[in-house]
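Okay, here's what each chain looks like letter by letter:
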Amino acid sequence: MEEKLEMRKVFCDTLIELAKTDDRICIINSDSRQISGTQAFEEAYPDRSFNVGIAEADMVGVAAGLSVSGKLPFAHAFGPFMSRRVLDQLTISLAYSKLSAVLVGLSPGIVAEINGGTHQGYDDVAAIRGIANTTIVEPFDGVQLRQMIPAILDLGGPVYLRYDRGMTPTFYGPDYHYQLGKADVLREGGDVTIISAGIMLAQCLEAAEILKGKGIEARVLNMHTIKPIDQEAVVKAAQETGCIVTVENHNIIGGLGSAVAEVLGENCPVPMRRVGVKDRFGEVGDRAYLRKCLEIDTPNIVDAVMQLKG
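Residues numbered from 1 in each chain as written. Predicted model: local features only at pLDDT ≥ 70, side-chain atom pairs only at ≥ 80, totals over all residues. Heavy atoms only, no water.

Participant: Can you lay out the environment of Ser107 for me, pointing to particular residues and giving the numbers?
Facilitator: Tracing the backbone through its elements, the reader meets Ser107 in the loop between β5 (101-106) and α6 (124-129). In this structure Ser107 touches Phe78, Ala112, His119, Tyr163 and Arg165, once residues within four positions along its chain are discounted. At a separation of 2.7 Å, a polar atom in the side chain of Ser107 contacts the side chain of Arg165. (Helix = DSSP H or I, 4+ residues; strand = E, 2+ residues; numbered from the N terminus. Contact = heavy atoms within 4.5 Å. Polar contact = N/O pair within 3.5 Å; in protein donor to acceptor, adjacent residues only side chain to side chain.)

Participant: Tell me what's going on with the environment of His76, and back it up with residues and numbers.
Facilitator: When you line up the elements, His76 lands in strand β4 (residues 72-78). For His76 and Glu6, which are 70 residues apart along the polypeptide, the C-alpha to C-alpha distance reads 17 Å. Setting aside its immediate chain neighbours within four residues, His76 contacts Phe11, Ile27, Ile28, Asn29, Ser30, Ser32, Ser36, Thr38, Met59, Met82, Val104 and Leu106. A distance of 3.4 Å separates the side chain of His76 from the backbone oxygen of Phe74, its partner in a polar contact.

Participant: Report on the pattern of salt bridges, specifying residues and quantitative values.
Facilitator: Across all of its chains, the model carries 18 salt bridges by this definition. The partner of Glu42 in a salt bridge is Arg33, with the nearest N and O atoms 2.7 Å apart. Taking relative accessible area as the criterion, Glu42 reaches 16% and is therefore assigned buried. Classification of Arg33 as partly exposed rests on a relative accessible area of 39%. Ionic contacts of the salt-bridge type, sharing partners, join the residues Asp22, Arg24 and Asp154 into one network. (Salt bridge = Lys/Arg side-chain N within 4 Å of Asp/Glu carboxyl O. Buried < 20%, exposed > 50% of the residue type's maximum accessible area, 1.4 Å probe, protein only.)

Rendered as structure tokens:
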């Protein structure tokens, strides 16, 4: 993890490049041009750029109208406003009709930092995961995001993309090949498997290094596609390592940990722990403070593993 890329620039540059050969691609903002980083797209394609104001539910309705007209809209807002505020429109206007649109949930969870509990969405995955015909993805770095976007264009239903729009260390190299729905093994290990996505993977890799010093080899999986989850990878990890720890920038109720627990319960029950926000709202603070007070920092991951292996 050396080079850092600004995720929203990677996102916008990728859309601009794809739009050169795909005239279906368009964007919608809810007075969110600055946070979405899509001004360059608006300048390149002004006739494919729309601003609906701070009216996210209406924005999803507009996205549905564009989609049914043959377009591929990308709509943008902070995570909580791109999920729970638009659930009915997402369900009926998009998912029910299997219309393609990408709802971009920016700065999820602790990434919203000093905006506080109103903007820190720890329930967006839970809100959307139960809606039929939806896909949920969360990239780790700019390399993965760049390859993820073309992979989610034609899925026949809405996609919820949650990601950190800021500067993010690069993990993947030039030989990386993204596969939607297939987890990536970031680190091999045979004693325990740590499953996570997005910004928390950095803490998982840190925890794995600490655990190595304690004689525990941890496998780390990047579950970048939260729905549909890679059941094969989860079961394989359970069979080969015997226990699972999930880590998420999200409530432990209804998110990645719940999805993994569902797979294990039906296919391969093993001991597991869920590191995540424990059914509470966020508060004002920077990421380091929020990780600690919400009990999702590196020491909490190590402790969860030690509970299983101790």
